[in-house]
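# Geometric and topological summary
The lines below spell out each chain.
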Amino acid sequence: MFLHPDDDPRTDGGFDGERATLVGFLRDQRLTLEMKCAGLDAEAMARRSVKPSDLSLLGLVRHLAGVEQSWFRRVMAGQDVPRHYRSDTGRDGDFDGAVPDPEVVAQAWDTWRTEVAFAERFVAEAPDLEVTGTNGEEQISLREVLVHMIEEYARHNGHADFLRERIDGRVGQ
């Protein structure tokens, strides 16, 4: 295990109400991502899983920064901002650009933390979970976005678990 259970910053449920439950489980998934990447240098963060995959922990951080931005800034808040790590010609910049450079790693974490902070503020200021955003032609509720984000992190944290085990043998958490 990475941490002694008494030192684990995540909760074990026990939330009161729907909003607190969704926000709490999403927070715990975000913390899990940070824990999976803790203590790694740029080379380890950028290490690919197995060929031909371009999956890496750094790629996941960059990808999830883009997912946070897309759902909370673009869809829910309606902001027309350029997407992180993506363009019309390069849709996989989050993974392709995950190179073993300490500045790239630091920038990825800064971008991810900025997007998480925006998302947390947006959710805290939303009057209820029925607030909607526009995803293409369809309306989507904040509730559905939060559930989707929990699923998104849970799936990618499973990838992160395998990546971390390949890097240094650590499993769990």
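Cut-offs and rules
- Residues numbered from 1 in each chain as written.
- Predicted model: local features only at pLDDT ≥ 70, side-chain atom pairs only at ≥ 80, totals over all residues.
- Heavy atoms only, no water.
- Helix = DSSP H or I, 4+ residues; strand = E, 2+ residues; numbered from the N terminus.
- Buried < 20%, exposed > 50% of the residue type's maximum accessible area, 1.4 Å probe, protein only.
- Contact = heavy atoms within 4.5 Å.
- Areas by Shrake-Rupley, 256 points an atom, 1.4 Å probe, with all protein chains shown as cover.
- Lys, Arg positive; Asp, Glu negative; His and termini not counted.
- Charge placed at Lys NZ, Arg CZ, Asp CG, Glu CD.
- 1 Å grid on protein atoms, 1.4 Å probe; cavity = no way out; pocket = protein on both sides within 12 Å on 5 of 7 lines; lining within 4 Å.
- Points joined across faces, edges and corners; volume = space filled by probe spheres on them.
- Nonpolar A, V, L, I, M, F, W, Y, C, P; charged D, E, K, R; others polar.
- Salt bridge = Lys/Arg side-chain N within 4 Å of Asp/Glu carboxyl O.
- Expected span 1.5 Å × (residues − 1).

### Section: the overall build of the chain
Of regular secondary structure, the chain possesses six helices and two strands. Written out in order from the N terminus, the α and β elements of the chain read α-α-α-α-α-β-β-α. Projected onto its principal axes, the C-alpha coordinates of the chain cover approximately 45 × 45 × 25 Å. Burial status across the chain gives 45% buried among its 173 residues. Look at the contacts in the chain between residues 6 or more apart in sequence, and 71% of them connect residues 24 or more apart. Accessible surface, the chain: about 9300 Å² in total, of which carbon and sulfur atoms supply 50%. One finds the centroid of the 21 positive side-chain charges in the chain at a distance of 4 Å from the centroid of its 33 negative side-chain charges.

### Quick look at the layout of surface pockets
Each pocket or cavity is described by its volume, and for the largest pocket that value is around 190 Å³. Every residue lining the largest pocket is counted, 15 residues in all, and those nearest its centre are H63, G66, V67, R83 and R86. Elements with a contribution of two residues or more to the lining of the largest pocket: helix 3 (57-76) and helix 6 (142-168). Here the element with the most residues in the lining of the largest pocket is helix 3; it accounts for six residues. Split by residue class, the lining of the largest pocket holds three nonpolar, five polar and seven charged.

### Overview of unusual backbone geometry
Cis geometry marks the peptide bond from K51 to P52, where omega comes out at 5°. With respect to the secondary-structure elements, P52 resides in the loop between helix 2 (42-46) and helix 3.

### Regarding the pattern of salt bridges
Tallied over the full model, the rule gives 11 salt bridges. Two residues, R155 and E151, come together in a salt bridge whose shortest N-O distance is 3.0 Å. A residue pair is termed a helical-turn pair when its members lie 3 or 4 positions apart in one helix, as R155 and E151 do in helix 6 at four residues. Put simply, E152 and R155 hold a salt bridge, and the shortest N to O gap is 3.0 Å. Residue E152 and its partner R155 are both found in helix 6; the two are separated by three residues, about one turn of the helix. Taking the relative accessible area as the measure of exposure, E152 reaches 7% and is therefore buried. Since its relative accessible area comes to 37%, R155 is described here as partly exposed.

### What to know about helix 1 (residues 18-37)
Here helix 1 spans 29 Å end to end across 20 residues, near enough to the 28 Å set by a 1.5 Å rise per residue. When we look at burial in helix 1, the residues that qualify are L22, G24, L26, D28, Q29, R30, L31, T32, L33, M35, K36 and C37. Next to the buried residues of helix 1 lie helix 2, helix 3, helix 5 (102-125) and helix 6. After helix 1 finishes, the residue G39 shows a positive phi value of roughly 80°.

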